[in-house]
Amino acid sequence: MTTNNISKDDVKRIAELAKLSLSDREITKFSGELSETISYIDILTQLNSRVENLGETYEVSGLSNVFREDEVDRSRMLSQKETLSNAKNTYQGYFMVPKIF
Amino acid sequence: MELNKLTLKEALEGLKNKEFKSAEVAADCLKSIEKLNPKLHAFLAEAPTDALNYIGSATGLLKGLPLAIKDNILTKQFITTASSNVLRDFKPQYDATVAGKLLDAGAFFVGKTNMDAWAHGSSTETSDFGPTLNPWDTGRLPGGSSGGSAAAVAADMCIAAIGTETAGSIRQPASWCGVVGFKPSYGRVSRYGIVAMASSTDSPGPITKTVWDAAYLLNIMAGFDKYDGTSVREAVPDYTAKLSDSIKGLRIGIPKEYFGGGVDGKVSQKVLEAVKQLEKLGCIIREISLLDPKYAIAVYTIIQRSEVSSNLARYDGIRFGNERSEFSEEAKRRIMLGTYTLSTGYYDAYYKKAEKVRTLIVEDFEKAFKEVDLIAGPVSPTTALPVGATTGQSMFGEMQDVLVEPSSIAGLPGISVPCGFSEGLPVGLDLMGPRLSEELVLRAAYHFEQSTCWHKERANG
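Residues numbered from 1 in each chain as written. Chains lettered and ligands numbered in written order. Predicted model: local features only at pLDDT ≥ 70, side-chain atom pairs only at ≥ 80, totals over all residues. Heavy atoms only, no water.

Undergrad: What exactly am I supposed to notice about the interface of chain B and chain A here?
TA: Where interface size is quoted, it is often the accessible area lost as the parts come together. Every contact between the two is made by 61 residues of chain B and, on the other side, 58 residues of chain A. Ranking the residues of chain B by area buried against chain A places Gln93(B), Ile318(B) and Met336(B) at the top, with a combined share of 13%. At the junction of chain B and chain A, the tally comes to six salt bridges. Between Lys88(A) and Asp89(B) there is a salt bridge, with its nearest N and O atoms 3.5 Å apart. Applying the counting criterion to the chain B and chain A interface returns 21 residue pairs in polar contact (both at pLDDT 80 or more). Elements with a contribution of two residues or more to the side of chain B that touches chain A: α8 (293-311), α9 (329-342) and α10 (348-371) of chain B. Ranked by residue count, the leading element in the side of chain B that touches chain A is α10(B), at 14 residues. (Contact = heavy atoms within 4.5 Å. Buried area = accessible area lost by both parts, 1.4 Å probe. Salt bridge = Lys/Arg side-chain N within 4 Å of Asp/Glu carboxyl O. Polar contact = N/O pair within 3.5 Å; in protein donor to acceptor, adjacent residues only side chain to side chain. Helix = DSSP H or I, 4+ residues; strand = E, 2+ residues; numbered from the N terminus.)

See below:
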């Protein structure tokens, strides 16, 4: 199911999912631009018959289930001070987050 | 003496013969940056001159020689911004693995280079801090997203530079700036500590004045990293050791789909002349057929934007960085498209479909590499475009990178090597190989380079 037209409501919904706040001007602009991009990528339907029996390739390195021992490497730990060093708002050693309710 | 104009090989020889010290090479680079950067804007941050005092006893493979490093690679010593206002004042608490390896090898980072914000682009025009200009013609763009690094090398503002490529971001600016740009196989060089763009294709790599220089830097950069879950374990050979080994009988495939109507006639001509040169050097040239790269544009657009929407979700302005409202339009556009293609009801039609076509592309190359050893083509359909070329083009990057997207999607190694000029602007030859065939790609590129003089041409800046 594909639709080439991304409406302003679609844009608002996507922006909500992506935690982006957009101006009305941006919503209108993106509606046009995203629709244009979606139209272009619909070209892949031309390959439907060639890919119907193919699996997906998510990863080209051929690796899977790369694990490591659950061991702490203290030489690479960041101190609390370092970890907080780029936060705009901290409180007594904590990151401050916006209210959720 | 202008030591900034040396290649890495020349600089290392000069140091060995005690003709000069690394600090002098670095000083000349800083002088060049001071002179040229106000116009070219290749660097966002530069090392302070008193840092030169600490180069003295540097040893390792790089012995204190000056490199430029792209600003999406975390470095403790410099603010790292990925050319975005969201990270405008971000001070990394650790070095990327690749940065650490270079520093351990004695590199002196002369500065952080400009890029398209978040590596979203093929022009360096979409940097939040202003574009970089092409040293060959300052009315033109250097390409991107590693445009700052490529311009810095082309204008001799450093001895060599480090870039990253997701689909074209090393090879394309190297091509537009007339320098060597090597994208290793995905997983060959660690991505740990590099601001993630499309995690399934991002590959750091060297941008240099010569192929030998690229091979030498790859020796330092490549290798398994336990902090990168996609890092391959294959041993790292000495990539400089077999550069001069014969390439006679090497079969090089020329995909007819890569020389189609969308490629500028003069660019095609230069690349085909380069192929002729390879034939003179003993290679066997074969016309092959590959999946039309236009499909790779769609695949890449979907995969990259989907992965971007996920990777940029971490920029919440809480733990680091500024608010999401500081994202530029291009970043917002990509995040939105990616959110859409991953969302319920569209995931199968877009993301899953793209990953199936990706399988087709991977298999297409595997089939081709049964008939040929390497594949050659133009890096870019055009030479450097004028400043302003990206305006109003929501898919500029993807269209520009059409010829390199397939190999990036498949995780193959590829190198851009200068192969001539069209109306005074550099043209790059793209040589691609099977996964983990870096030695072969470098060897063919080396032979080609050494049999021509293109790599000796320098921009006036």
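Undergrad: Honestly, the side chain of Ser61(A) in this entry has me stumped. Any pointers?
TA: The topology assignment puts Ser61(A) in the loop between α3 (48-51) and α4 (80-84). Here the side chain of Ser61(A) touches Glu59(A) through a polar contact of 2.5 Å, side chain to side chain. Those residues within four positions of Ser61(A) in sequence are excluded, and the remaining contacts are Tyr186(B), Thr230(B), Val232(B) and Arg435(B).

Undergrad: Looking at this structure, how should I read the confidence of the model for chain A?
TA: As a general rule, the predicted coordinates of low-pLDDT regions are not to be interpreted in detail. Per-residue confidence for chain A gives a mean pLDDT of 91; residues scoring 70 or more make up 96%. Averaged pLDDT values over the elements of chain A bottom out at 93 in helix α2 (residues 24-41) of chain A and peak at 96 in α4(A). (pLDDT = per-residue confidence, 0-100.)

Undergrad: Before we go on, may I ask you to explain the packing of aromatic side chains in this structure?
TA: For the structure shown, the criterion picks out 15 aromatic pairs over all chains. Pairing Tyr315(B) with Phe320(B) gives two aromatic rings, centres 5.9 Å apart and planes at 75 degrees, and the pair type is edge-to-face. This pair shows no difference in class: Tyr315(B) is buried, exactly as Phe320(B) is. One aromatic cluster in this structure is built from Phe90(B), Trp118(B), Tyr315(B), Phe320(B) and Phe327(B). Lying across the ring of Tyr227(B), Arg76(A) places its NZ or CZ 3.4 Å from the centre. One Lys or Arg, Arg233(B), reaches over the ring of Phe224(B) and ends 4.1 Å from the middle of that ring. (Phe/Tyr/Trp six-rings, centres within 6.5 Å; stacked < 30°, edge-to-face > 60°. Buried < 20%, exposed > 50% of the residue type's maximum accessible area, 1.4 Å probe, protein only. Lys NZ or Arg CZ within 6 Å of the ring centre and 35° of its normal.)

Undergrad: Sorry if this is basic, but what is going on with the nonpolar core here?
TA: Ranked by internal contacts, the top residues of the largest apolar core, which has 172 residues, are Leu44(A), Leu62(B), Leu102(B), Trp118(B), Leu217(B) and Leu429(B). With 11 residues, α10(B) is the single largest residue contributor to this core. Contact partners of Leu62(B), with chain neighbours within four places excluded, come to Leu8(B), Leu67(B), Leu102(B), Ala105(B), Gly106(B), Ala107(B), Tyr216(B), Leu217(B) and Ile220(B). Core analysis: the next-biggest nonpolar cluster, separate from the first, contains five residues, Trp176(B), Ala384(B), Leu385(B) and Phe396(B) among them. (Core = buried A, V, L, I, M, F, W, Y, C linked by side-chain atoms within 4.5 Å.)

Undergrad: What am I meant to see in a nonpolar patch on the surface here?
TA: There is a patch of nonpolar side chains on the surface, built from Tyr58(A), Leu342(B) and Tyr347(B) and spanning about 230 Å² of accessible area. Looking at where Leu342(B) falls in the secondary structure, it is placed in helix α9. (Patch = residues over 30% accessible without salt bridge, like charges linked within 9 Å, V, L, I, M, F, W, Y side chains within 5 Å. Areas by Shrake-Rupley, 256 points an atom, 1.4 Å probe, with all protein chains shown as cover.)

Undergrad: Looking at this structure, I do not really get helix α4 (residues 147-154) of chain B. What am I missing?
TA: Along an α-helix, a turn takes 3.6 residues, which lines up residues three or four apart on a common side. Residues and elements named next belong to chain B. With eight of its eight residues buried, α4 lies for the most part within the structure. Within the span of α4, buried status applies to Gly 147, Gly 148, Ser 149, Ala 150, Ala 151, Ala 152, Val 153 and Ala 154. Packed against the buried residues of α4 are β1 (43-46), β2 (66-70), β3 (108-113), β4 (160-165), α5 (171-177) and β6 (203-208).

Undergrad: Would you take a moment to explain unusual backbone geometry for this structure?
TA: Gly144(B) connects to Ser145(B) through a cis peptide bond whose omega is 10 degrees. With respect to the helices and strands, Ser145(B) occurs in the loop between β3 and α4. For Gln92(A), which is not glycine, the phi dihedral falls at a positive 45 degrees. Looking at the element boundaries, Gln92(A) is found in the loop between β1 (90-91) and β2 (94-95). With a phi close to 60 degrees, Trp118(B) is a non-glycine residue in the positive phi region. Looking at the secondary structure, you find Trp118(B) in the loop between β3 and α4.

Undergrad: Got a minute to help me understand α2(A) in this structure?
TA: Taking 1.5 Å per residue as the helical rise, α2(A) with its 18 residues ought to reach 26 Å, and the 26 Å between its terminal C-alpha atoms agrees with that figure. What α2(A) keeps buried is the set Glu26(A), Ile27(A), Phe30(A), Ser31(A), Glu33(A), Leu34(A), Ser35(A), Thr37(A), Ile38(A) and Ile41(A). Contacts from the buried residues of α2(A) go to α1 (8-17) of chain A together with α8, α9 and α10 of chain B. (Expected span 1.5 Å × (residues − 1).)

Undergrad: I keep staring at the confidence of the model for chain B and nothing clicks. Help me out?
TA: Taken residue by residue, chain B gives an average pLDDT of 96. The fraction at 70 or more is 99%. In the predicted assembly, ipTM is 0.93 and pTM is 0.97.

Undergrad: Explanation requested: the pairing of strand β11 (residues 425-432) of chain B in the structure shown.
TA: Regular strands have side chains that alternate between both faces of the sheet. All names here are of chain B. Counting buried positions along β11 gives eight out of eight residues, so the element sits mostly inside the fold. For strand β9 (residues 374-378) and β11, the ladder comprises four bridges, and the chain directions are antiparallel. For Ile 375, the partnering residue across the bridge sits in β11 and is Met 432. Across eight bridges, strand β10 (residues 414-422) lies against β11 in antiparallel orientation. Considered in β11, the bridge of Pro 418 is made with Gly 428. Where β10 hands over to β11, the hairpin turn is made up of two residues, of which Glu 423 adopts a positive phi near 50 degrees. (Pairing = 2+ DSSP bridges.)

Undergrad: Sorry if this is basic, but what is going on with the packing of helix α6 (residues 211-221) of chain B against helix α13 (residues 438-450) of chain B here?
TA: When two helices pack together, their arrangement is given by the angle between their axes and by how far apart the axes lie. All names here are of chain B. Close contact between α6 and α13 brings their axes to 9 Å; oriented N to C, the two are set at 155 degrees. On the basis of their axis angle, the class for α6 and α13 is roughly antiparallel. Of the residues in α13, those touching α6 at Val 211, Trp 212, Ala 215 and Leu 218 are Glu 438, Leu 442, Ala 445, Tyr 446 and Glu 449. Within the contact of α6 with α13, the residues separate by chemical class into seven nonpolar, no polar and two charged. (Axes fitted to C-alpha atoms, helices over the stretch in contact; angles between N-to-C directions. Parallel < 35°, antiparallel > 145°, perpendicular 65-115°, else oblique. Nonpolar A, V, L, I, M, F, W, Y, C, P; charged D, E, K, R; others polar.)

Undergrad: How should I be thinking about the environment of Phe67(A) in this particular structure?
TA: Residues and elements named next belong to chain A. Mapping Phe 67 onto the fold places it in the loop between α3 and α4. Residue classification places Phe 67 among the exposed residues on the basis of a relative accessible area of 71%. When the C-alpha positions of Phe 67 and Lys 81 are compared, they lie 29 Å apart, and in sequence the two are 14 residues distant.

Undergrad: How should I be thinking about the pairing of strand β8 (residues 284-288) of chain B in this particular structure?
TA: All names here are of chain B. Direction of pairing for strand β7 (residues 251-255) relative to β8: parallel, over a ladder of five bridges. Note that in β8 the partner of Gly 253 across the bridge is Arg 286. Handedness of the crossover is the feature at issue here: the chain leaves β7, passes through helix α7 (residues 265-280), returns alongside β8, and the resulting connection is right-handed. (Right-handed = clockwise from strand over helix to strand, strands pointing away.)

Undergrad: Hey, could you run me through the state of the cysteines in this one?
TA: As used in these notes, a disulfide is a covalent bond between sulfur atoms, one from each of two cysteines. All names here are of chain B. Inspection of the entire model under this criterion finds zero disulfides over all chains. Summary of cysteine pairing: Cys 158 is not part of a disulfide, and the nearest cysteine sulfur, belonging to Cys 29, is at 6.3 Å. In this model Cys 453 remains outside any disulfide bridge; the closest cysteine sulfur is found in Cys 419, 14 Å from its own. (Disulfide = S-S within 2.5 Å.)

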